[in-house]
Amino acid sequence: VQLQASGGGLVQAGGSLKLSCAFSGRTFFNYAMGWFRQAPGKEREFVASINRSGRSPYYAEFVKGRFTISRDNAKNTVYLQMNSLKSEDTSVYYCAAGRAIQSHTPYRAVDFSSWGQGTLVTVSS
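Residues numbered from 1 in each chain as written. Predicted model: local features only at pLDDT ≥ 70, side-chain atom pairs only at ≥ 80, totals over all residues. Heavy atoms only, no water.

*Asks:* Whenever I open this one, the overall build of the chain confuses me. Can you help?
*Replies:* Counting its regular elements, the chain contains zero helices and eleven strands. Secondary structure elements in the chain, listed N-terminal to C-terminal, are β-β-β-β-β-β-β-β-β-β-β. Here the C-alpha atoms of the chain give a radius of gyration of 13 Å, agreeing with the 14 Å that 2.2 N^0.38 yields for 125 residues. With the C-alpha coordinates aligned to their principal axes, the bounding extent of the chain is approximately 40 × 25 × 25 Å. When burial is assessed residue by residue, the chain has 42% of its 125 residues classed as buried. In the chain, the share of contacts with a sequence separation of at least 24, taken over all contacts with a separation of at least 6, comes to 58%. Summed over all atoms, the accessible surface of the chain reaches about 6,400 Å², with 46% contributed by carbon and sulfur. Here the chain holds 14 positive side-chain charges and 7 negative ones, and the gap between their average locations is 9 Å. (Helix = DSSP H or I, 4+ residues; strand = E, 2+ residues; numbered from the N terminus. Rg over C-alpha atoms; globule rule 2.2 N^0.38 Å. Buried < 20%, exposed > 50% of the residue type's maximum accessible area, 1.4 Å probe, protein only. Contact = heavy atoms within 4.5 Å. Areas by Shrake-Rupley, 256 points an atom, 1.4 Å probe, with all protein chains shown as cover. Lys, Arg positive; Asp, Glu negative; His and termini not counted. Charge placed at Lys NZ, Arg CZ, Asp CG, Glu CD.)

*Asks:* Teacher, can you tell me more about the sheet that holds strand β8 (residues 77-82) here?
*Replies:* The strands making up a sheet associate through backbone hydrogen bonding, with each pair oriented either parallel or antiparallel. Taken together, the four strands give an open sheet; going across it, the order is β1-β3-β8-β7, and neighbouring strands pair in antiparallel fashion. Among the strands making up the open sheet, the edge pair consists of β1 (2-6) and β7 (67-72). The mean inter-strand angle of the sheet, taken between neighbouring strand axes irrespective of direction, is 15°. In this sheet, β8 lies alongside β7 in antiparallel orientation, the contact comprising six bridges. (Pairing = 2+ DSSP bridges. Axes fitted to C-alpha atoms, helices over the stretch in contact; angles between N-to-C directions.)

*Asks:* Would you mind going over the packing of aromatic side chains with me for this structure?
*Replies:* Where two aromatic rings form a pair, the distance of their centres and the angle of their planes describe that pair. One pass over the structure, following the stated rule, counts nine aromatic pairs. On the numbers, 5.4 Å between centres and 75° between planes, the contact of F36 with F112 is edge-to-face. On the criterion of sequence distance, the pair formed by F36 in strand β4 (residues 31-38) and F112 in the loop between β9 (91-99) and β10 (114-115) is long-range, its members being 76 residues apart. Judged by its relative accessible area of 2%, F36 falls in the buried class. Between the aromatic rings of F112 and W115, the centroid separation amounts to 6.5 Å while the plane-to-plane angle is 65°, which identifies the pairing as edge-to-face. (Phe/Tyr/Trp six-rings, centres within 6.5 Å; stacked < 30°, edge-to-face > 60°.)

*Asks:* What is the right way to read unusual backbone geometry from this model?
*Replies:* The general pattern is negative phi for most residues beyond glycine and trans for most peptide bonds. Of note in the backbone geometry, N76 takes a positive phi value of approximately 55° without being a glycine. Relative to the helices and strands, N76 is located in the loop between β7 and β8. In this model, S84 sits at a positive phi of 50°, which is unusual for a non-glycine residue. Relative to the helices and strands, S84 resides in the loop between β8 and β9.

*Asks:* Would you take a moment to explain the pairing of β7 for this structure?
*Replies:* Where burial is concerned, the two faces of β7 differ: the one with F67, I69 and R71 is buried and the one with T68, S70 and D72 is not. If you look at the hairpin formed by β7 and β8, you'll find four residues sitting between the two strands, and N76 has a positive phi there, around 55°.

Limitation: the analysis is restricted to geometry and does not speak to function.
Here it is in structure tokens:
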């Protein structure tokens, strides 16, 4: 699996960005997709994930109501729409892919076997 994230950049607090992650190398529909982030000096943390059908998205508490994860199975792409951005959202954002789990939408890093290179999001206050 290869993952290519894009869409990061510099935005003012309160603004919006939309990240994209292009998936290749395997059958996209067989994979759940997730977004994680890591700020300087901090551990990587879960942001959002989505199962293979696009239903049952799962969010970290701190992004609920602000971020939306979605996927386009025809384009082999997962998205993260980020609204009402805050300075504390400044991080490198990574997309990740893991084999779909029947029972639930995965959210643990260990459930994702493939990772993209990351895209930097900087929110200025």
